[in-house]
Amino acid sequence: MSDEPAEQSVPVVRPEVWETYGPADLSAVPVFAGGFINFGYWQSVDLERPLSQGDRVRSEQDLYRHVLDAAGPGGGRAVEIGCGLGLGCALALEEYGPTVITGVDIHPQQLQRARVANAGLLGAQPDRLRFVLGAAESLPFGDGEFDCLYSVEAAQHFPDLSAFARETARVLRPGGRVAVASFFTADGSAAHAERLAGLLDSFASGLDIARPVSRLADAFAEAGLVDVRTSSIGPQVWPGWDRWLARLWEPGTWPRNFLAAWEQQILDYYLITATRSS
């Protein structure tokens, strides 16, 4: 299945995103062991003992499983927005059995890495896996093309959540499901953005954008999606993430402030789900 036509128009990429996921290659940073780029879902990991790289990879895979359980891609056409190296697409294909899965990323270098990382699957099942260049706010697909759309730790970068919600509603078939996992502010306090910029370099640089989770939930509802639900999964994310960071970062360094931001009720990690009305 060729994706060359979709790559004729290169979407505009914010400079912070271009550098982080291109030349800097965040997937190669040791804290993101295994090539996944997410903070992890640590519920099945014993945090009372020393953590291994296997524990870390399992946490990253389990975050995908938590999202995919909510999205329900089995037997249908699925699309991941912000697929990175495509390892989540491979996991979904192998464990959830979608008919075909499409990984979308805004960065051409990430897509090239995804094709290399998944060369075996692409060669063995070329009609079931593809990678396409595109922005969350302007997806290069037809109306009603997918049964399920999911995104894992990418929405904090999307500049326009309302446009993303409209595109989600457009490309889902009636009855199709969306599941998004990412970190947002707990409420709409204007002070949160300033506080996060003081605590975390990724917010100070503009790589991550401080917005309340209600912004995405409301955008889904305004786009016509129904049964919109928001749930905090912070207790399964932040303590384990901080334990892992402690192997590489000293107390007082900025990455360790993710836990502090959660404890101060500024930031949390959420799963947001919705359905396209039938």
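Residues numbered from 1 in each chain as written. Predicted model: local features only at pLDDT ≥ 70, side-chain atom pairs only at ≥ 80, totals over all residues. Heavy atoms only, no water.

In the annotation of an unreviewed UniProt entry, the entry for the protein chain reads Methyltransferase type 11 domain-containing protein, and the organism field reads Streptomyces xanthophaeus.

1. What to know about the overall build of the protein chain
Looking only at helices and strands, one finds 11 helices and 7 strands in the protein chain. Relative to the compact-globule value of 19 Å for 278 residues, the protein chain shows a C-alpha radius of gyration of 18 Å, a close match. In terms of overall dimensions, the protein chain has a C-alpha envelope of 50 × 40 × 35 Å along the principal axes. Of all 278 residues assigned to the protein chain, the portion counted as buried reaches 54%. Here the protein chain displays about 11200 Å² of accessible surface, and carbon together with sulfur accounts for 51% of that area. (Helix = DSSP H or I, 4+ residues; strand = E, 2+ residues; numbered from the N terminus. Rg over C-alpha atoms; globule rule 2.2 N^0.38 Å. Buried < 20%, exposed > 50% of the residue type's maximum accessible area, 1.4 Å probe, protein only. Areas by Shrake-Rupley, 256 points an atom, 1.4 Å probe, with all protein chains shown as cover.)

2. Here's the deal with helix H9 (residues 213-222)
An α-helix turns once every 3.6 residues. As a result, residues three or four positions apart point the same way. Residues Val213, Leu216, Ala217, Ala219 and Phe220 constitute the buried set of H9. End-on view of H9: buried residues confined to an arc of 160°, all on one side of the axis. Residues of H9 that are buried make contact with helix H6 (161-171), strand S5 (172-185), strand S6 (225-232) and strand S7 (267-276). Immediately downstream of H9, the backbone of Gly224 shows phi near 100°, a positive value. (Arc of directions from axis to C-beta. Contact = heavy atoms within 4.5 Å.)

3. Considering H6
For H6, the buried fraction is high: 8 of the 11 residues fall into the buried class. Buried positions along H6 lie against strand S1 (77-81), strand S4 (146-152), S5, H9, S6 and S7. Of the residues flanking the start of H6, the one acting as N-cap is Asp160, its side-chain oxygen 3.1 Å from the backbone nitrogen of Ser162. (Polar contact = N/O pair within 3.5 Å; in protein donor to acceptor, adjacent residues only side chain to side chain.)

4. With respect to the sheet that holds S4
Reading across the sheet, the 7 strands line up as S3-S2-S1-S4-S5-S7-S6 and stay open at both edges, with mixed pairing between neighbours. Of all the strands in the sheet, just strand S3 (129-133) and S6 have a single pairing partner and so form its edges. Between one strand axis and the next, the sheet turns by 15° as a mean value, whatever way the strands run. The pairing of S1 with S4 spans 3 bridges and is parallel. Bridge assignment links Ala78 to a residue of S4, and that residue is Cys148. Packing of helix H4 (residues 108-117) onto the sheet brings it into contact with strand S2 (100-105) and S3, and relative to S3 it is tilted by some 165°. Across the sheet, H9 lies against S5, S6 and S7, angled at about 165° from S6, the strand it touches most. (Pairing = 2+ DSSP bridges. Axes fitted to C-alpha atoms, helices over the stretch in contact; angles between N-to-C directions.)

5. Regarding the pairing of S1
Judged by how many residues are buried, S1 sits mostly within the fold: 4 of 5 residues are covered. Where S1 and S2 come together, 5 bridges link them in parallel fashion. In the sheet register, Val79 faces S2, and the bridge partner there is Thr102. Each parallel crossover has a hand, and for S1 linked through helix H3 (residues 87-96) to S2 it is right-handed. (Right-handed = clockwise from strand over helix to strand, strands pointing away.)

6. A word on the packing of H6 against H9
Axis separation between H6 and H9 bottoms out at 8 Å; the angle between their running directions is 40°. Between H6 and H9, the interaxial angle falls into the category oblique. Here the hand of the crossing between H6 and H9 comes out right-handed. Across the interface between the two elements, Leu161, Ser162, Phe164, Ala165 and Thr168 from H6 touch Arg215, Leu216, Ala219 and Phe220 from H9. Among the residues making up the contact of H6 with H9, the classes are represented as 6 nonpolar, 2 polar and 1 charged. (Parallel < 35°, antiparallel > 145°, perpendicular 65-115°, else oblique. Left-handed = near helix turned anticlockwise from the far one by under 90°. Nonpolar A, V, L, I, M, F, W, Y, C, P; charged D, E, K, R; others polar.)

7. Quick word on the pattern of salt bridges
All told, the structure shown has 14 salt bridges when counted by the stated rule. Between Glu145 and Arg130 there is a salt bridge, and its shortest N-O distance comes to 3.2 Å. A residue pair is termed long-range when its members are at least 10 positions apart, and Glu145 in the loop between S3 and S4 and Arg130 in strand S3 qualify at 15 residues. The exposure class assigned to Arg130 is buried, which follows from its relative accessible area of 14%. Linked by salt bridges that have partners in common, Arg58, Asp62, Arg65 and Glu95 make up one network. (Salt bridge = Lys/Arg side-chain N within 4 Å of Asp/Glu carboxyl O.)

8. Remarks on the nonpolar core
Formed by 63 residues in total, the largest nonpolar core has its most connected members in Phe39, Tyr150, Trp238, Trp241, Phe258, Leu267 and Tyr269. Phe39 has contacts with Phe32, Arg56, Ser59, Glu153, Phe183, Val237, Trp238, Trp241, Phe258 and Tyr269, leaving out every residue within four places of it along the chain. If you look at the next biggest cluster of nonpolar residues, it comprises 29 residues, including Leu149, Ala169, Leu225 and Ala274. (Core = buried A, V, L, I, M, F, W, Y, C linked by side-chain atoms within 4.5 Å.)

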